[in-house]
Amino acid sequence: SSLDLVALGSIADIMPLTHENRILVRHGLEALGNTIHPGLRLLLQEHGWGTTARDVAWKIAPFLNTPGRYGKSHLLARFFLEHDESGLKEVIAEITDMNERRKDELASLYERLYEECRSGGLHRAGDGMYFVGDSEVPDGLCGLLANRLADAFKRPVIVVALAGGRDVVKGSGR
């Protein structure tokens, strides 16, 4: 059954848990606790994570989203396709390291950008919102930073990654 993946995807994508979604997620979380998927089983064992909706939302989903935030989606593909335990341990260790770096980088960037926004008009876009364009912000962290800053200031925030001297920028608004 793939109900474990249905629950994981529904919770990770913040789908409303109403009607049939609630039923699918409830059964999917039960399936996740006994998953036959080698990567998920090993991840849960190695990290000692549970299989509640909270565990999926705050631990498992952010962990699995990390490679994509850094342009390394191939690691996630390997995580889901690999069946060899030593190969899986290697992938999980690499994503774990990347996830820890993401947490540290996010905390550091948030602290700096929060202070810049709080201390003056550096990132103010009129009276109603903040616009943050920063060369140190990776594309994959724009949404997380915008969300945290919007929560902190109770105002709309747009965060744009200006790294790499590109002609096109990427960003996110909350």
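In this text the structure is predicted, and so the values were computed from the model without any measurement. Sequence order sets the numbering: in each chain, residues are counted from 1 along the sequence as written. Per-residue local features of the predicted model are confined to residues with pLDDT of at least 70, and side-chain atom pairs are confined, for both listing and counting, to 80 or more; whole-chain, interface and lining totals are unaffected and use all residues. Values reported for side chains reflect all heavy atoms of the structure, with hydrogen atoms and water molecules removed beforehand.

A. Fine view of the sheet that holds strand 2 (residues 129–134). The strand order across the open sheet built from four strands is 1-2-3-4, with neighbouring strands paired in mixed fashion. Across the chains shown, the open sheet's two edge strands, defined by having one partner strand only, are strand 1 (124–125) and strand 4 (170–173). At least two DSSP bridges between two strands are required for those strands to pair. Helical segments are the DSSP runs of H or I of at least four residues, strand segments are the runs of E of at least two, and each set is numbered from the N terminus. Where strand 2 and strand 3 (residues 157–161) come together, five bridges link them in parallel fashion. Within the sheet, the bridge partner assigned to glycine 133 lies in strand 3 and is valine 160. It only takes one pair of heavy atoms within 4.5 Å for two residues to be counted as in contact. Every axis in this analysis is a line fitted to C-alpha atoms, fitted for helices over the stretch in contact. Angles between the N-to-C directions lie between 0 and 180 degrees. Lying over the sheet, helix 7 (residues 142–153) contacts strand 2, strand 3 and strand 4, oriented at roughly 150 degrees with respect to strand 3.

B. Seen up close, the pattern of salt bridges. Just to be clear on terms, a salt bridge is a Lys or Arg side-chain nitrogen sitting within 4 Å of an Asp or Glu carboxyl oxygen. A full pass over the atoms with the stated rule returns nine salt bridges. Where glutamate 85 meets lysine 89, a salt bridge forms, and the shortest distance between an N and an O atom there is 3.6 Å. Of the two residues, glutamate 85 and lysine 89 are both situated in helix 6 (residues 85–119); the distance of four residues between them amounts to about one turn of the helix. Through salt bridges with shared partners, a single ionic network connects Arg112, Glu116, Asp134 and Glu136.

C. Highlighting the packing of aromatic side chains. Pairing of aromatic rings covers Phe, Tyr and the six-membered ring of Trp, with a centre-to-centre limit of 6.5 Å; geometry is then stacked below 30 degrees between planes, edge-to-face above 60, and tilted otherwise. Scanning the model with the defined rule gives five aromatic pairs in all. Pairing phenylalanine 79 with phenylalanine 80 gives two aromatic rings, centres 5.0 Å apart and planes at 90 degrees, and the pair type is edge-to-face. Here phenylalanine 79 falls in the buried class, since its relative accessible area comes to 0%. Between tyrosine 110 and tyrosine 114, the aromatic rings sit 5.7 Å apart at their centres with planes inclined by 35 degrees, giving tilted as the arrangement. Separated by four residues within a single helix, tyrosine 110 and tyrosine 114 lie in helix 6, roughly one turn from each other. An aromatic cluster is built from Tyr110, Tyr114, Tyr130 and Phe153, whose rings are joined through pairwise contacts. Between buried and exposed lies partly exposed: a residue is buried under 20% and exposed over 50% of the maximum accessible area for its type, with that area taken using a 1.4 Å probe on protein chains only.

D. Here's a closer look at the layout of surface pockets. Both site types are read off a 1 Å grid over the protein atoms alone. A 1.4 Å probe that fits but cannot get out defines a cavity, while an open set with protein on both sides within 12 Å along at least five of seven lines defines a pocket; lining residues have an atom within 4 Å of a point. Grid points are joined across faces, edges and corners, and a volume is the space filled by probe spheres set on the points. Size it by volume and the largest pocket reaches roughly 800 Å³. If you trace the largest pocket, you find 25 residues lining it, with Ala57, Trp58, Pro62, Arg69 and Leu144 closest to the centre. Where the lining of the largest pocket is concerned, the elements lending two or more residues are helix 1 (3–12), helix 4 (53–69), helix 6 and helix 7. In terms of residue count, the dominant contributor to the lining of the largest pocket is helix 4 (seven residues). Amino acids are sorted into nonpolar (Ala, Val, Leu, Ile, Met, Phe, Trp, Tyr, Cys and Pro), charged (Asp, Glu, Lys and Arg) and polar (every other residue, Gly among them). A breakdown of the residues in the lining of the largest pocket according to their chemical character gives twelve nonpolar, seven polar and six charged.

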